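Each chain is listed here by its residues.
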Amino acid sequence: MRGTRKYQHVIETPDPGKWELAGYEESLPISEKSNPITRELDKSDPSQLVQLLRDCDAEIFQEEDANLIHYHRLYSESVLQTMGDIAKRVQEVLKDPEGGLVVLSGCGTSGRLALLLANSFNLLLKGQHRAPRYCYIMSGGDRSIVSAQESPEDDPHVGAQELEKVCEGKKNVVFVGISCGLSAPFIAGQLDLCMRHLDVYLPVLVGCNPVSMARNDPIEGWHSSFRQVAERLQALHESHKGFILNPAVGPEAVSGSSRMKGGSATKILLETLLLVAHKADSNVPVTEKCLLEILRTYERAHKVTYSQSKKIAALMKQTATSLQKGHLYILGWGTLGLVGIMAAVECGPTFQADWRDVRGFVTGGYDSIENKEGDLSSLGPEFPISHEDFVRNVLPSVSETDAVLLIFTLDDELNQIEKLAALVKEKTSNIQCISHATAGQYLPNSLKKTIPSIIGMTWPILFLEYEGTFIQKFQRELSTKWILDTVTSGAYALRGKIFRNFMVDFKITNSKLFHRAASVLQRVTGQSQQRCTEVLLQSIYGEQTLSEQIRNRTIAGHVGAAASQDKVLPVAIVSLLRNCAVQEARSRVDSSASIRAAIESSLNVPGRKRGAEEGSGSEGRSR
Ligand code: F1P
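A quick note: this is a predicted structure, and the numbers were derived from the prediction, not measured. (Residues numbered from 1 in each chain as written. Predicted model: local features only at pLDDT ≥ 70, side-chain atom pairs only at ≥ 80, totals over all residues. Heavy atoms only, no water.)

Engineer: Give a description of the nonpolar core that names residues and reports values.
Structural biologist: Counting residues in hydrophobic clusters, the biggest one holds 155 residues, and the most contacted among them are Phe61, Met83, Val90, Tyr134, Leu273, Leu536 and Ile540. No other element matches the 11 residues that helix α15 (residues 468-494) contributes to this core. Every residue in contact with Phe61, bar those within four places of it in the chain, is listed here: His9, Ile11, Thr13, Leu74, Tyr75, Ile268, Leu295, Tyr298, Glu299, His302 and Trp482. Counting residues in hydrophobic clusters, the runner-up holds 31 residues, among them Val173, Phe186, Ile219 and Val229. (Core = buried A, V, L, I, M, F, W, Y, C linked by side-chain atoms within 4.5 Å. Buried < 20%, exposed > 50% of the residue type's maximum accessible area, 1.4 Å probe, protein only. Helix = DSSP H or I, 4+ residues; strand = E, 2+ residues; numbered from the N terminus. Contact = heavy atoms within 4.5 Å.)

Engineer: Account for the domain arrangement of the protein, with residues named and values stated.
Structural biologist: Its domain assignment divides the protein into domain 1 (18-60 + 297-499), domain 2 (77-246) and domain 3 (504-604). Inter-centroid distance (C-alpha atoms) of domain 2 to domain 3 is 34 Å. Domain 2 puts 8 residues into the contact, and the matching count from domain 3 is 9 residues. Together, the buried faces of domain 2 and domain 3 total about 660 Å²; carbon and sulfur atoms form 38% of this surface. It is Glu150, Arg215 and Glu220 in domain 2 that bury the most area against domain 3; as a group they hold 56% of the surface buried on that side. Counting across the interface, domain 2 meets domain 3 through 0 salt bridges. (Domains from an automatic or database assignment. Buried area = accessible area lost by both parts, 1.4 Å probe. Salt bridge = Lys/Arg side-chain N within 4 Å of Asp/Glu carboxyl O.)

Engineer: So what about the side chain of Asp42? Which residues, and what values?
Structural biologist: With respect to the helices and strands, Asp42 occurs in the segment before α1 (46-58). In this structure the side chain of Asp42 is engaged in a polar contact, spanning 2.8 Å, whose partner is the backbone nitrogen of Arg500. In this structure the side chain of Asp42 is engaged in a polar contact, spanning 2.7 Å, whose partner is the side chain of Arg596. Other than its neighbours up to four places away in sequence, Asp42 contacts Ile498, Phe499, Arg500 and Arg596. (Polar contact = N/O pair within 3.5 Å; in protein donor to acceptor, adjacent residues only side chain to side chain.)

Engineer: Talk me through the packing of aromatic side chains; I want residue IDs and the actual numbers.
Structural biologist: In this description, an aromatic ring pair is defined by two values, namely the gap between the centres and the angle between the planes. One pass over the structure, following the stated rule, counts 11 aromatic pairs. Ring geometry for Trp333 and Phe408: centres 6.1 Å apart, planes at 85°, overall edge-to-face. Taken together, the residues span a long stretch of sequence, with Trp333 in the loop between β6 (328-332) and α10 (335-351) and Phe408 in strand β8 (residues 403-409) at a distance of 75 residues. The buried category is assigned to Trp333, whose relative accessible area is 4%. Judged by its relative accessible area of 0%, Phe408 falls in the buried class. Ring-pair connections join several aromatic residues into one group, and the members of that group are Phe121, Tyr134, Phe470 and Phe474. The cationic tip of Lys372 hangs over the ring face of Tyr136; the distance from NZ or CZ to the ring centre is 4.8 Å. (Phe/Tyr/Trp six-rings, centres within 6.5 Å; stacked < 30°, edge-to-face > 60°. Lys NZ or Arg CZ within 6 Å of the ring centre and 35° of its normal.)

Engineer: Let's hear about the site of the ligand: which residues, and what values?
Structural biologist: Near the ligand lie 15 residues; those nearest to it are Ser110, Glu153, Ser179, Gly181 and Lys512. At 3.3 Å, a backbone N or O of Cys107 approaches an oxygen atom of the ligand. Here Glu346 contributes a side-chain N or O atom positioned 2.9 Å from an oxygen atom of the ligand. Considering the ligand on its own, with 380 Å² of exposed area, one finds that the protein chains cover 97% of that surface. Broken down by class, the residue content of the shell around the ligand amounts to 3 nonpolar, 7 polar and 5 charged. (Near = heavy atom within 4 Å. Areas by Shrake-Rupley, 256 points an atom, 1.4 Å probe, with all protein chains shown as cover. Nonpolar A, V, L, I, M, F, W, Y, C, P; charged D, E, K, R; others polar.)

Engineer: Hey, could you go over the pattern of salt bridges for me, with residue numbers and the actual values?
Structural biologist: According to the stated counting rule, one finds 29 salt bridges in the structure shown. The salt bridge partner of Glu25 is Arg523, with a shortest N-O separation of 3.5 Å. Separated by 498 residues along the polypeptide, Glu25 in the segment before α1 and Arg523 in helix α16 (residues 511-525) bring together distant segments of the chain. Here Glu25 falls in the buried class, since its relative accessible area comes to 0%. Its salt-bridge partner being Asp485, residue Lys481 comes within 2.7 Å of it at the nearest N-O pair. With Lys481 and Asp485 both in helix α15 and 4 residues apart, this pair spans about one turn of that helix. The residues Lys481 and Asp485 share a single accessibility class, namely buried.

Engineer: If you had to explain the sheet that holds strand β3 (residues 172-178) to someone new, which residues and values would you point to?
Structural biologist: Ordered by their spatial adjacency, 5 strands build an open sheet running β2-β1-β3-β4-β5, and the pairing between neighbours is parallel. Because the sheet does not close on itself, it has two edges, and the strands there are β2 (134-138) and β5 (243-245). Here the strands of the sheet are splayed against their neighbours by 20° on average, with no regard to which way each runs. Inspection of the sheet shows β3 paired to strand β4 (residues 201-206) by 6 bridges, in the parallel sense. Bridge pairing links Ile178 to Val206 in β4. Relative to β4, helix α5 (residues 185-196) is tilted by about 150°, and along the sheet it contacts β1 (100-106), β2, β3 and β4. Of the strands in this sheet, β4 and β5 are in contact with helix α6 (residues 226-237), which crosses β5 at around 115°. (Pairing = 2+ DSSP bridges. Axes fitted to C-alpha atoms, helices over the stretch in contact; angles between N-to-C directions.)

Engineer: So what's going on with the packing of helix α2 (residues 77-95) against helix α8 (residues 288-306)? Residues and values would help.
Structural biologist: Axis separation between α2 and α8 bottoms out at 10 Å; the angle between their running directions is 105°. It follows from the interaxial angle that α2 and α8 lie roughly perpendicular. Judged by residue contacts, Glu77, Leu80, Met83 and Gly84 of α2 engage Glu288, Leu291, Leu292 and Leu295 from α8. Of the residues assigned to the contact of α2 with α8, the class counts are 5 nonpolar, 1 polar and 2 charged. (Parallel < 35°, antiparallel > 145°, perpendicular 65-115°, else oblique.)

Engineer: Help me get a handle on the side chain of Ser539, residues and values and all.
Structural biologist: Among the secondary structure elements, Ser539 is positioned in helix α17 (residues 529-541). Apart from residues lying up to four places away in sequence, Ser539 is in contact with Lys567, Val568, Val571, Ala572, Val582 and Arg586.

Engineer: Quick one: what's the story with the pairing of strand β10 (residues 453-459), residue by residue and with numbers?
Structural biologist: As paired strands, strand β9 (residues 431-438) and β10 are joined by 7 bridges and run parallel to one another. Residue pairing for β10: Ala437 is matched across the bridge by Thr458. This β-α-β element, β9 to helix α14 (residues 445-450) to β10, shows right-handed connectivity. (Right-handed = clockwise from strand over helix to strand, strands pointing away.)

Engineer: Break down unusual backbone geometry for me, with residues and values.
Structural biologist: Located in the positive-phi region is Glu25, a residue other than glycine, with phi close to 40°. At Arg500, a residue that is not glycine, the phi angle is positive and equals roughly 50°. Position of Arg500 relative to the elements: it lies in the loop between β11 (498-499) and β12 (502-503).

Engineer: Can you lay out the state of the cysteines for me, pointing to particular residues and giving the numbers?
Structural biologist: Tallying each qualifying case throughout the model produces 0 disulfides. The thiol of Cys194 is unpaired, and the distance to the nearest cysteine sulfur, on Cys167, comes to 7.3 Å. Judged by relative accessible area, which is 0%, Cys194 ranks as buried. Cysteine Cys532 shares no disulfide, and the gap to the nearest cysteine sulfur, in Cys580, comes to 14 Å. On the basis of relative accessibility, which here comes to 0%, the residue Cys532 falls in the buried class. (Disulfide = S-S within 2.5 Å.)

Next up, the structure:
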């Protein structure tokens, strides 16, 4: 443990990682680096996987180390100061009855979190008999809540249009753009709009990379890169006309999977500062102490969550088995249902899962998630999300190969839960649950009998005025998120979808993911950027000889072509490692037991030269 720690930690936070050292994967932003903690993720058993992911999550709370590169962390003075400054501005908006609005916006998980947070704080206002002041925007619109839509992330124009739409007639707007990687063009477009109208907007950027690591490749059809936008925003920081809240939380456990730590950190940062703003609204001054008091509760949540590591590992193992031939259905009550949907949806883009493989359902469906566009059930079979929809459309075909996970608190309708559990048990014995209780509450025996596998979380009573209930709700949501991120990522690792700690079987559906594919290819094979891009394109187009016409296409063109292909990156990796045509590589990948096995056996081909990256911890250049 470091001697320089300023705060006493609730959990044991790890020592600074190798990723903090100068030169470690230098060309990559923190959010895309491979975390040294999880280098052997693909070789780990369920208990080890939980431990590794627990340690990675603990890095969120690690403090700045003055002896290393000066990364700002969650507890850094500058970060706490910025949180306080933003809270004060939110407080002003809350006092403006007519023209004030807080807009939270993001893509993918960041957009779903924007929805979750906007709902939480509108609910808080409702409890005080006050009108809603929060709204959310997510790229791709409300359909992205339950179905991954990655390509709208690339459009800065649509981002700006959407923002203008929700702010019509407003005079005092705090805009919070969330992009964990400081990378989404959709958010860049919105920040740019705000900076052109500072009389109305206070632009805030939330993410987990330093500005110098923000994405710098040109945004097609637009005037700036994300980094240029972030630099302009940074220049406004001193005059308090704009803010960037971007503590480093360390690389993701699965490289680039910003739904994990990035998402958790977003939730912690924003809930903390917004709660403090509401507290301040009742004339309590915004102080570092208030912020710390709340941040501590999230550390406590980490400790409580991972005290159940053994049971989480068992759930992961069961999930991996079910995903061989069956499915995982996550049925949540209240906002925990939305947290379940968030985890389920991301399995598609991250692990090339079919939308039927992992699905989330929530009590009350769209009514309870209070999305802007209302009931989306008619959009297609993946859109019905209520428990009734599950019982009607899915349950009849559930069998022993499927797993069902119920997530609830002991304040929910336990009778209903028991009834649903009994129905599920008629179809499969693989039923588990995560239950959240407050100290002094106990699960009824009848429920324990119906569901023998229970991850039971008991939360301490919080003696904190009115916001105590919300803190408890936030802790339970984050705890559930941590468990589900761990269980789904771990299960797919066990299914051979991860190589070392790289996601290798993801869909290339936007420009960020195209660059990520090229970068992983370089790091696994040790080949040059030019060669990797060439083979990536060969894999996308299924052609060994690339025509001039293909070579001249834009990245958006390549992304469009990649959308209809599967296993693009694994095929490119095997092709490069074996120095064989992409057709041969594809048939090898197709006939392998898993993606990981295909890569591993290609690495061990006799006579193959070792790549620069293998075991060395150095990096490839991606941009
Ligand atoms: C946005 C995002 C992630 C998602 C996936 C694709 O990232 O949609 O939420 O998990 O990795 O990108 P960001 O803009 O918040 O970095």
